[in-house]
Structure formats: C-alpha cells, structure tokens
Amino acid sequence: MRQAAGGSAQETTGKRRFRLNWKPPYADALRMPTAPSVPTLVIRPPSGWISLGLPELWRYRELVGFLALRDVRVRYKQSALGVAWAVLQPLLTLAVFSALFGALLGPNRLPSTPGTPYAVSTFCALVIWQLFARGMSAGSDSLIVNQALVTKVYFPRLAVPLAPVLAALVDFALAFGVLLGMLAWAGIAPGPAVLALPLLVLMTVATALGVSLWLAAVNALYRDVRLALPFLVQIWMLVTPVVYTTAHVLDGRSHWVSLVYSLNPMVGIVEGFRWTLLGGAQPPLSLLAGSALTTALVLVSGLVVFRRLECLFADQV
Amino acid sequence: MDRDVAIRIEGLGKRYQLGEQRPLARLLRSLAGRATADTMWALRDVSFDVARGEAIGIIGRNGAGKSTLLKVLSRITEPTTGSATIHGRVASLLEVGTGFHPELTGRENMRMNAAILGMSRREFDARFDAIVEFSGVARFLDTPVKRYSSGMRVRLAFAVAAHLEPEILIVDEVLAVGDAEFQSRCLGKMSDVAGHGRTVLFVSHNLAALKALCTRAIWLDQGAVRACGAVSPVVDAYLADGHHRADAPVAERRDRSGNGELRFTRIALRAGKPPSENARPTTGAPLEISLGYSASHTAPLKNVRIAVLVLDSLGSRVIATDTRLMNADFAELPPAGEIVCEIPDLPLAAGRYQLNLWATVGDNVGDHLEDAAALVVEDGDVFGTGRTTLAEKHGPCVVRHAWRFEEGPDDDAIARAAAHRPGITR
C-alpha cells in the first residue's frame, strides 16, 4: 500500500527536479556505529479506540515526580509563613466551624463522632478532605497552568493532572503529623483499623485524580470549569461529612436518602478515615463500598474522557 | 524498510478547525469524535524521507505549515491523514526553556527541563558539568531564574537541549533569541550533532544558518511540499519566488488574521512627483502607499491605527511606518475608503522588499496581512553623483550624508597617528 514517497509533481521547482532520497556522500561514513536497538515510532491519525497509555506513563514516572516536586517547591515560594499554610488552612477552617456550630447549636451539641472532641473529629476529616480538595482543584487547572508545556513538548498528557494530585500528598503528610499530635493530646490511640489508612489515602488520590481528569480535559476546551471550580469545591465540602458526621444528617432518614448521599465518593472515604483513627463500633462498610464503586467509575471514565479529548489539548488549550 | 531512513513521511495532513462555534455542540461533537465544517489544512499530503545522519532544513513563509509539521513529528499534535515513521529516539526543541519556572533556581530548572526533554536522571548527572560549562551561567546556578536576564535564560535552556544526544533532533526557530556569539556556538553544537550521524530537522528564517548547517532543504508552501532537494537550489528558488504571494489581490487573500472589523482591500504604490501608479518606486524619490479598506459594519470605525512594515528578501524588518509613531491614529474613519502614507524620499536601496500591513480598531487587531505586496525599488541618483546603491551590497537603507575634514582639537594626537602610520600626513 506504500506509495513512492511524495508525488513527483510537488518536488519540482522550475526546470529543476530533485531526487527525494538524496543522501550526503559522506552519510555512510558518519553513520552511527551500529545502533543496537533503534526504537521505531509510527505517527498516525487517532483511530476510533484508544488505549489508556498507562505503560507509557510509567516510563515517564521520573517526569511525573519532577512535575510534582516543582508544584511543591513553587507553591510556598515567596510566602512569609511558607509551608505552615498546609497546616494553617485546616486549622483555621476548624476554628471557623467550631465557632459557628458552637454559637448555633451550643458547645455541647457539636456534630462530632461519638466519644471524640469535635475538634479532633473534624480536623481528622479536614486532613483527608484537603488532600482531595487540593488535589482536585490543582489537577483540574493543571492543563491550563502547564499550557506552555502541553503545546511545546511531547509526554504522556496524563502526567499533567497526576503531578499536582500527587503533590497534594506533601501537604497531607504535614497536616497528618499535626493530626497525630492532636490524637495524642486527646488521648486517642488508634486501633488495628489504622492498617486500612493507606487504602483510604489511595482512594482519595484516585477520586481526586478521576475528577481532575474529567475537569482538566473539559477545562482545556471550556474555561467555564475554571470559573466554577472554587464554587464546586465549597459545595462539595458541605455535602461531605467533614464539619459534621454522617449520623447527624442520615439518622432517621429513608434508605433512598442515604443511598443518594453515599453516591458522593468522599462520604465513605471521610467516614472511613475517621473510623481508622478514632475507632467506632463498626466500620462504615456500606458507605465505603459505595465510595469504592463511584471512585472506580469516576477514575475509569475520567481516564477514557481525558484520553479521548487529549488530541485536542495542544491545539485548543 | 530501508535501514538508512530515519524519518519517512507519507501523505501527512493536518486539518485545523476554524472559528469558535457553539461551545456545547462542539464539546459533544468532539466527544463523539466527529469533525466540523469550517476547517483549513495546515499540512496537505506532505511526503518525504530523511536519511539517517542528514541535516535537513525546512523553509517557507509564516503559516506555510513548518511549525505544524514539527509539532506532528514531535507528537504534540496528531495528524489528520497519512503517517510518519520515525526510527530512533527523538528530541524536539520547539521552544527554548519549555517548562522553566521563574521561582525555581537555575539548577532546578535545568533538572526539570532535562526531564521534560526526556533525559533520564542518570544521563543528566553524567552530563551536568558539560551542560553548566556550555551555558556559562555557573555562578548563578542557585539563583531563581526570574532574576536571570533573557539571554542567560536562553543559554541555560539551550545548554540542556544541546546535550540531549538523541538520534533525531527537531529544532524550531530557537536561534532567533540569544546573542550572536551564543547563536554561533549553538549552530556549532548542532552541526556537531549532525556530524555524528544524528539526524537534524531544522526550521529557520535565518537562511544563511540553514545553508551552513543543512545538506538538504524542504520548501513548504501553504501546507504542501513545494520543493525538496539540495539546500542551495531550494533556498534560491524560495527567495526568487518572493513575489508570488504578493501577486494575489489583497482583497482575495485568505491567509490573514484579525477580527475583520477593518479589512484591507487594495494596495497601490504611487511613485514620483506627481505620484503615479505607473512610475517605479525609486531610491530617494517620493513614494505613496495607498491602502483601500472596508469595514465589516456600516458604523464609522473608531481609533484606527495603521502600520506598514517593510521587510527585505530574507524577512528582516527594514523600516516601519505607523500612524502611532506620528500621533496620527484616525479617531474616526468612514466604513470604506483609502488611507495614504506618504514617504517624501524613499530610504531604500535598489532591491525587492515585501510589505506587511497591520490595522487595529480600538484595542483589537482588525487585519494583519503579511507579504501584502512586493515593493521593487529601482536605483535612483540619490546623491546626485550618478552612483547608485544596491541592497545586496550596501545594505537596505540609504542615507543622504556629507563628508568633510575637520581640524583636530589635539594636534599631538594627529602627529602621533602620523608617526605610526606613515601614510597619513596633515
């Protein structure tokens, strides 16, 4: 099926006709001294189905690491308090909601996990919530922030939203350290349930990534996403049991309400995270199962959409 | 497949969609993978082979598809038709300092840039000293890049790129930045790369550099290969072709940008005194550039700025006329008419030039048209001496000037000079 390279008419200028396969006379002498395995790449128009390209992403893991590292380094540059902001933000949020609920409901009726001070119960949730919120907002904005990169150099595009989501883990680690201090202060020793903690962190990262993939891809084409993002994060936090617990909103309601509520993948994750550290009668298994399902759905569909729209990024971002 | 072929391009085409349509409809359509109607082909049926170890230059006017071709070959954007088969590791340098972050230090940025360009950490560590030496910014490695001069930034960035050592190097117009000394060092490094059996694809408007570096050239014209062969004849043919595009009537040209609030419809050059379209533009003689225009609306146009840029045959800017420079922006213009720019004595040496037109209405570019017309200047007796100037020999500009001798303030200095050089006497 291969045509002779090039139509003959096109390479003619005036009366001159140039040979296509012209080679400098010394080309043979200068040829690379036997390239052992030269990779071959075929560039073609995108066809109907696309692979997720995960093996290639793995080959570029070093770049993903560098991008994440850059995000971490750059975030607190030229700020007076620097990395302290990673801890200050959840602490201030906690202070605001403590004051608010304290004034509205009275200091003894704060919506916390049974047997745990409100501050600990809420800070615990805020730590994991911030991992999600920060990862998701940075990830959704990533294609635009890295526009110069996307339009000028090739690498798996998945690296772009993945890096800021991973970078959010650094802030998480710092806030988590403070959380451990708080637990010690409150005299709470986590039980064996703490072993499930890495899994919950992984689920959070997966959810943040899944949402980021969706939003980053659409954001590249329509900036509406960028405008709606702060609003989305705010609302999402209020429909997630962060500054209150699930029991406070679901007790006495029908199954349907709890089912709809638990479609929010962060519901199960946040309650699960509380359970691993603060203990509790029994793990919120049904909520966690819902979270696992929606997370998987969001992540896989996000990957597909992102890959599907990927070919437009360089031209339209 | 032939083992000596590094890149084989077959029937490559790239279609871009024009215009912003209803956003939602476009989103749904792109999700469904279907194309829309209003399109233009940036590349059309491009086919050629590049042999291993060959340095090939790509030339063509702005908008001819050069950058699109490099983007497709670098996998930044995907082709619409055809295929390209590439044997070997590719490094492409479409921009100097891609991914540089102003807050990070030189060292951090170098590391980052290396990772972006596909250099592994081990390779980078091994070449670190050489890279730093090549960049010449060793003293500032731990300073944030935002404090660098633009020249230093370019050095740092190119230093990383120059040490990539891929089998195939793709370079866009990156040498336009940086000082002359560094440019020649970069060219030297690139011909090193080419000389070591590596393949180089090089886009440049600097035709002299291209001739020095490349063995073969591809001439792209409106997305298609116009000519392909040994570098000198192709470059010469390209230069000789200078006037073709300018021959198309201004009103019918489609390769323009701007929002169209104002469009140039006609350009006429009137030379001599009284100005006439039949007279030839002559060095030192008056010239009027008359620009017909029409507006997209019937309302008067407000705050119109018009500029005409004159470029030489190699595409370097020579002179500019601009209403802004003369505080002569038009506060209000009727929706159609003619604007005339008067040059009392044309300061251009004999030769061929191209005119770029540019108009803004308010803050928006209304029309921008490159190579709108060719300006062929005949030699005139500017100096009244019967001697003439030629663009190739004397440079593109002509100035009236006079010479005289003046008694030096320091007679001893002249005496000393005379003592050193016996040829000079008072």
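Residues numbered from 1 in each chain as written. Chains lettered and ligands numbered in written order. Predicted model: local features only at pLDDT ≥ 70, side-chain atom pairs only at ≥ 80, totals over all residues.

> It is not clear to me how the sheet that holds strand 9 (residues 224-230) of chain B should be interpreted in this structure. Could you clarify?
Hydrogen bonds along the backbone pair up the strands of a sheet, which may run parallel or antiparallel. All names here are of chain B. Taken in spatial order, the six strands of this open sheet run 5-6-7-3-8-9, and their pairing is mixed. The open sheet has two free edges, formed respectively by strand 5 (90-93) and strand 9, since each of these has just one partner strand. Each neighbouring strand pair of the sheet contributes to a mean axis angle of 15°, computed without reference to strand direction. Of the strand pairs in this sheet, strand 8 (residues 216-221) and strand 9 are connected by six bridges, and their pairing is antiparallel. Within the sheet, the bridge partner assigned to Arg216 lies in strand 9 and is Ala230. Contacts from helix 2 (residues 66-73) reach strand 3 (55-59), strand 5, strand 6 (168-171), strand 7 (199-203) and strand 8, with the element oriented near 145° to strand 7. On top of the sheet, helix 8 (residues 231-240) reaches strand 3, strand 8 and strand 9; it is set at about 140° to strand 9, its chief contact. (Pairing = 2+ DSSP bridges. Helix = DSSP H or I, 4+ residues; strand = E, 2+ residues; numbered from the N terminus. Axes fitted to C-alpha atoms, helices over the stretch in contact; angles between N-to-C directions. Contact = placed C-beta atoms within 7 Å.)

> What should I look at first to understand the sheet that holds strand 11 (residues 262-271) of chain B in this one?
Residues and elements named next belong to chain B. If you walk across this open sheet you meet the three strands as 11-12-16, and the pairing is antiparallel. Here the strands that pair on one side only, and so sit at the sheet edges, are strand 11 and strand 16 (336-343). For this sheet, the mean inter-axis angle between neighbouring strands, taken without regard to orientation, is 20°. The sheet contact formed by strand 11 and strand 12 (residues 287-295) spans nine bridges and is antiparallel. Note on strand 12: the bridge partner recorded for Arg266 is Gly292.

> For this particular structure, what's the right way to read the pairing of strand 18 (residues 364-377) of chain B?
Along any regular strand the residues' side chains alternate between the sheet's two faces. Residue and element names in this part refer to chain B. By the bridge criterion, two bridges tie strand 10 (residues 256-257) to strand 18 in an arrangement that is antiparallel. From the neighbouring strand, Arg256 faces strand 18, where its bridge partner is Leu369. Relative to strand 18, strand 17 (residues 351-361) runs antiparallel, the two sharing 10 bridges. By the bridge assignment, Gly351 is partnered in strand 18 with Val377. Here strand 17 folds back onto strand 18, and the loop between the two strands holds two residues, one of which, Gly362, carries a positive phi near 65°.

> Hey, could you run me through the environment of Arg274(A) in this one?
Residues and elements named next belong to chain A. Relative to the helices and strands, Arg274 is located in helix 12 (residues 265-278). A tally of 25 C-beta atoms within 10 Å means that Arg274 is categorised as buried. Placed 153 residues apart in sequence, Arg274 and Ser121 show a C-alpha to C-alpha distance of 7.0 Å. If we ignore the near neighbours within four places in the chain, the residues touching Arg274 are Thr113, Ser121, Cys124 and Ala125. (Buried ≥ 20, exposed ≤ 12 C-beta atoms within 10 Å, placed from the backbone.)

> Sorry if this is basic, but what is going on with the confidence of the model for chain B here?
Detailed conclusions should not be drawn from predicted coordinates in areas where pLDDT is low. All names here are of chain B. For chain B, the average pLDDT comes to 82, and 86% of its residues sit at 70 or higher. Element-level pLDDT for chain B is lowest in helix 9 (residues 244-247), with a mean of 53, against a maximum mean of 93 in strand 13 (residues 301-311). The ipTM value of the predicted complex is 0.72, and its pTM value is 0.69. (pLDDT = per-residue confidence, 0-100.)

> What's the story with the packing of helix 4 (residues 85-105) of chain A against helix 7 (residues 159-186) of chain A in this structure? I'm lost.
When two helices pack together, you describe them by how their axes are tilted relative to each other and by the distance separating the axes. All names here are of chain A. Interaxial distance between helix 4 and helix 7 falls to 8 Å at its minimum, and their mutual angle equals 60°. In terms of their interaxial angle, helix 4 and helix 7 are classed as oblique. Classified by chirality, the crossing of helix 7 by helix 4 is right-handed. Contacts from Ala86, Val87 and Pro90 of helix 4 reach helix 7 at Asp171, Leu174, Ala175 and Val178. Of the residues that constitute the contact of helix 4 with helix 7, the class distribution is six nonpolar, no polar and one charged. (Parallel < 35°, antiparallel > 145°, perpendicular 65-115°, else oblique. Left-handed = near helix turned anticlockwise from the far one by under 90°. Nonpolar A, V, L, I, M, F, W, Y, C, P; charged D, E, K, R; others polar.)

> Looking at this structure, I do not really get helix 7 of chain A. What am I missing?
Every α-helix carries 3.6 residues per turn, so stepping three or four residues along brings you back to the same face. Compared with an ideal rise of 1.5 Å per residue, which puts 28 residues at 40 Å, helix 7 of chain A spans 40 Å between its outermost C-alpha atoms and is within 8% of the ideal. Just downstream of helix 7 of chain A, Gly187(A) is the residue with a positive phi angle, here 70°. (Expected span 1.5 Å × (residues − 1).)

> Please clarify how the nonpolar core should be interpreted in this entry.
Note that soluble globular proteins tend to have their nonpolar side chains buried in a common cluster. One finds Ile128(A), Ala159(A), Leu201(B), Phe202(B) and Ala217(B) to be the most contacted residues of the largest nonpolar core, which totals 145 residues. Broken down by element, the residue count for this core peaks at 14 residues, all from helix 5 (residues 118-145) of chain A. When sequence neighbours within four positions are dropped, the list of residues in contact with Ala159(A) reads Leu57(A), Tyr60(A), Leu63(A), Val64(A) and Leu67(A). The next biggest cluster of nonpolar side chains, apart from the first, holds 34 residues, and it includes Ile289(B), Tyr293(B), Leu348(B) and Leu357(B). (Core = buried A, V, L, I, M, F, W, Y, C linked by C-beta atoms within 7 Å.)

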